[in-house]
Amino acid sequence: MRNLLLTICYDGSHYHGWQIQKNAVSVQQVFQEALFRVIGERPDIKGCSRTDSFVHARQYCVSLKTEHAIPCERLVGALNHFLPEDMAVLGCREASPDFHARYSCKGKEYIYQIWNHPVRNPFLNRRALHYWYSLDEKRLNEAAAFFVGTHDFTSFCTMDARERGNMTRTVTKAEVKREGDLVTFTVAADGFLYNMVRIMVGTLLRVAQGKLEPRDVERILEEKNRNAAGPTAPPYGLFLNRVFYEDVK
């Protein structure tokens, strides 16, 4: 029995997240169908993360176990032949028997893109939030710095049946940068709660609007109250950018 780690990327504009759903097309469903056409099996596929509908991934990791002997390099080519144009397999490698795409993960990095210009950019449609009012990226970066560290992120989580128990996460990076009219929020952590990054972005936009001061982020964290934070930003500006494992690059 082989345990394989596959790295994929996808434009999530037409998918309702990663996980298979009854009444909507998901990334896992499309990937699993392509895999069946290649190896004639439907192994139990483990994804590195739940991703919301319409969220994108520049790096998404999948693990699966199979007795099929197809070499990794041939599997990559064969899967890409059957996958749609908005999805691709970047690589495949043999992993240890106990490797699990989700439970072996040590952390993730997300980015959120904001197109900050009075006129929308058609080439960033569904890949960035169009925000036409002025943004002071230095002020936003000052606010983002308060996310760094180990905190209870209850205020930055949409509570549902999926989120119970420990709400503490350690953020190792949170910064806002501008390149021309594109403003990008980058955040890395050992784990993320449901809608955590999108609520962070919604809160940063409240700072941009002058409704909050940068230091208010610290207070919002301490309140542990979802109502204290800003709104949940739309999903289509969000990308899973990197996935971290101890022995995998």
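Values in this document were obtained by computation on a predicted structure and should not be read as measured data.

K.L.:
Break down the overall build of the chain for me, citing the residues and quoting the values.
P.N.:
Counting its secondary structure elements, the chain contains 5 helices and 10 strands. For the chain, the C-alpha radius of gyration of 19 Å lies close to 18 Å, the compact-globule estimate for 249 residues. Along the first, second and third principal axes, the C-alpha atoms of the chain reach 60 × 40 × 35 Å. Summarising the internal contacts of the chain: among those between residues at least 6 apart in sequence, 72% fall at separations of at least 24.

K.L.:
Explain helix 1 (residues 27–39) to me, using residue names and the numbers behind them.
P.N.:
Between its terminal C-alpha atoms helix 1 stretches 18 Å, which fits the 18 Å expected from 13 residues at 1.5 Å a residue. Looking only at helix 1, the buried set comprises Val27, Gln28, Val30, Phe31, Gln32, Ala34, Leu35, Val38 and Ile39. Tucked inside the fold, the buried residues of helix 1 contact strand 1 (2–10), strand 3 (56–66), helix 2 (72–82) and strand 4 (87–95). In the segment just after helix 1, Gly40 is the residue with positive phi, at about 70°.

K.L.:
Give me unusual backbone geometry: which residues, what numbers.
P.N.:
Although it is not a glycine, Phe54 adopts a positive phi angle of roughly 75°. Relative to the assigned elements, Phe54 resides in the loop between strand 2 (46–47) and strand 3. Since its relative accessible area comes to 28%, Phe54 is described here as partly exposed.

K.L.:
Tell me about the pattern of salt bridges, residues and numbers included.
P.N.:
Using the criterion set out here, one finds 12 salt bridges in the structure. The salt bridge partner of Arg178 is Glu137, with a shortest N-O separation of 2.9 Å. With Arg178 in strand 8 (residues 168–179) and Glu137 in helix 3 (residues 137–144), this pair connects stretches of sequence that are 41 residues apart. Here Glu223 makes a salt bridge to Arg219, at a shortest N to O gap of 2.7 Å. Residue Glu223 and its partner Arg219 are both found in helix 5 (residues 216–223); the two are separated by 4 residues, about one turn of the helix. Judged by relative accessible area, which is 33%, Arg219 ranks as partly exposed.

K.L.:
So what's going on with the side chain of Asp11? Residues and values would help.
P.N.:
By the element assignment, Asp11 lies in the loop between strand 1 and helix 1. By relative accessible area, Asp11 is classed as buried at 15%. Here Ser13 takes part through its side chain, which lies 2.6 Å from a polar atom of the side chain of Asp11. Leaving out residues up to four positions away in the same chain, Asp11 has contacts with His56, Asp86 and Arg127.

Parameters and conventions
- Residues numbered from 1 in each chain as written.
- Predicted model: local features only at pLDDT ≥ 70, side-chain atom pairs only at ≥ 80, totals over all residues.
- Heavy atoms only, no water.
- Helix = DSSP H or I, 4+ residues; strand = E, 2+ residues; numbered from the N terminus.
- Rg over C-alpha atoms; globule rule 2.2 N^0.38 Å.
- Contact = heavy atoms within 4.5 Å.
- Expected span 1.5 Å × (residues − 1).
- Buried < 20%, exposed > 50% of the residue type's maximum accessible area, 1.4 Å probe, protein only.
- Salt bridge = Lys/Arg side-chain N within 4 Å of Asp/Glu carboxyl O.
- Polar contact = N/O pair within 3.5 Å; in protein donor to acceptor, adjacent residues only side chain to side chain.

What is shown is where atoms sit, not what they do.
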